[in-house]
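Structure assessment
Single-letter residue listing:
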Amino acid sequence: MNTAFYVQTKEGFSAEIGKLTGLLFTVSYSLLEDRELCNDAVQNALLRAWEKRFTLRKESNFKAWIVKIVMNESRRIRRSKGWSELPENLPDKECNTDMRSDVNRAVLRLGEIYRIPIMLFYYEDMKVQEIADILGLPKGTVLARLSRGRDILRKELKEYGV
C-alpha cells in the first residue's frame, strides 16, 4: 500500500497517527518536559501535518516525516518560552531517591543530540536504523550518540553502580 496516498485520506491519516501517538508524545516530552506544552506541540504538529499531507512524497517514510514535524513544533514552543535546553524547574535529585525517577531525570538532562536517540531507543524500543531515518542521520552517528549518551548517564548515575 502507498502510505503517502493512504494518509491523504481522513481514515488513513487517523489510523497511522493512532499507531504513532505514544512515539509522538515521547519525542515532544523529551524536548519540552512539560505535559501541557507537549499536548499543545503534538496537536499543533498534527494540524500542520494534516494541512501538508499532500506534500508527503510517495517514497517518504510517514513515521519519520511526522516525527520531524513534532520535533520542529516542540522546538518552536521551547524557543518561544525562551528555553535554551530544558525548563529550569526540573526536580533536584534529592527530591526522590527512586532509581527510575533518577534515571528519567538524568535522561532529560542530557543534551538534545543524546536525549532523543536514547529515548527513542530505550523508551520506544526503536531500531537504530529507524532512529537514523527519523533524525535524518547516518546509522553510525546514531550509534555514536547512543554510546556517548550512555557514557554520560553512567557517570551521572554512578551511585547506582551502573
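Use the structure listed above.
Below: a short report on this structure. (Residues numbered from 1 in each chain as written. Predicted model: local features only at pLDDT ≥ 70, side-chain atom pairs only at ≥ 80, totals over all residues. Heavy atoms only, no water.)

1. Regarding the overall build of the protein chain
Within the protein chain, the regular secondary structure consists of eight helices and zero strands. Ordered by position from the N terminus, the helices and strands of the protein chain form the series α-α-α-α-α-α-α-α. Counting the 162 residues in the protein chain, one finds 41% classified as buried. Pairs at least 24 apart in sequence give 66% of the contacts found in the protein chain among residues at least 6 apart. Roughly 9300 Å² of accessible area belongs to the protein chain as shown, and the carbon and sulfur atoms make up 50% of that amount. (Helix = DSSP H or I, 4+ residues; strand = E, 2+ residues; numbered from the N terminus. Buried < 20%, exposed > 50% of the residue type's maximum accessible area, 1.4 Å probe, protein only. Contact = heavy atoms within 4.5 Å. Areas by Shrake-Rupley, 256 points an atom, 1.4 Å probe, with all protein chains shown as cover.)

2. Notes on the environment of Arg48
Summarising the element assignment, Arg48 is placed in helix 3 (residues 35-51). When its relative accessible area of 40% is taken as the criterion, Arg48 is described as partly exposed. Ignoring sequence-local partners within four residues, the contact set of Arg48 consists of Ile69 and Glu73.

3. Side note on the pattern of salt bridges
For the structure shown, the criterion picks out nine salt bridges. Note that Glu112 is salt-bridged to Arg78, the shortest N-O span being 2.9 Å. Of this pair, Glu112 sits in helix 6 (residues 112-123) while Arg78 sits in helix 4 (residues 62-80), placing them 34 residues apart in sequence. Residue class for Arg78 comes out buried when judged on its relative accessible area of 8%. (Salt bridge = Lys/Arg side-chain N within 4 Å of Asp/Glu carboxyl O.)

4. Description of the environment of Leu146
Tracing the backbone shows Leu146 in helix 8 (residues 139-156). For the pair Leu146 and Val128, spaced 18 residues apart in sequence, the C-alpha to C-alpha distance is 9.2 Å. Contact partners of Leu146, with chain neighbours within four places excluded, come to Pro117, Ile118, Phe121 and Val128.

5. Overview of the side chain of Arg53
Along the chain, Arg53 falls in the loop between helix 3 and helix 4. Buried and unpaired, Arg53 has no salt bridge, with Glu51 as the nearest side chain of opposite charge at 8.4 Å. Here the side chain of Arg53 touches Trp50 through a polar contact of 2.5 Å, landing on its backbone oxygen. If we skip the residues at most four places from it in the chain, Arg53 touches Val7, Gln8 and Trp65. (Lys, Arg positive; Asp, Glu negative; His and termini not counted. Polar contact = N/O pair within 3.5 Å; in protein donor to acceptor, adjacent residues only side chain to side chain.)

6. Considerations on unusual backbone geometry
Of note, the phi angle at Glu33 is positive, near 55°, even though the residue is not glycine. Mapped onto the secondary structure, Glu33 falls in the loop between helix 2 (10-32) and helix 3. Given the relative accessible area of 15%, Glu33 is considered buried. One non-glycine residue, Asp125, adopts positive backbone phi at about 55°. Examined against the element boundaries, Asp125 turns out to sit in the loop between helix 6 and helix 7 (128-135). Taking relative accessible area as the criterion, Asp125 reaches 64% and is therefore assigned exposed.

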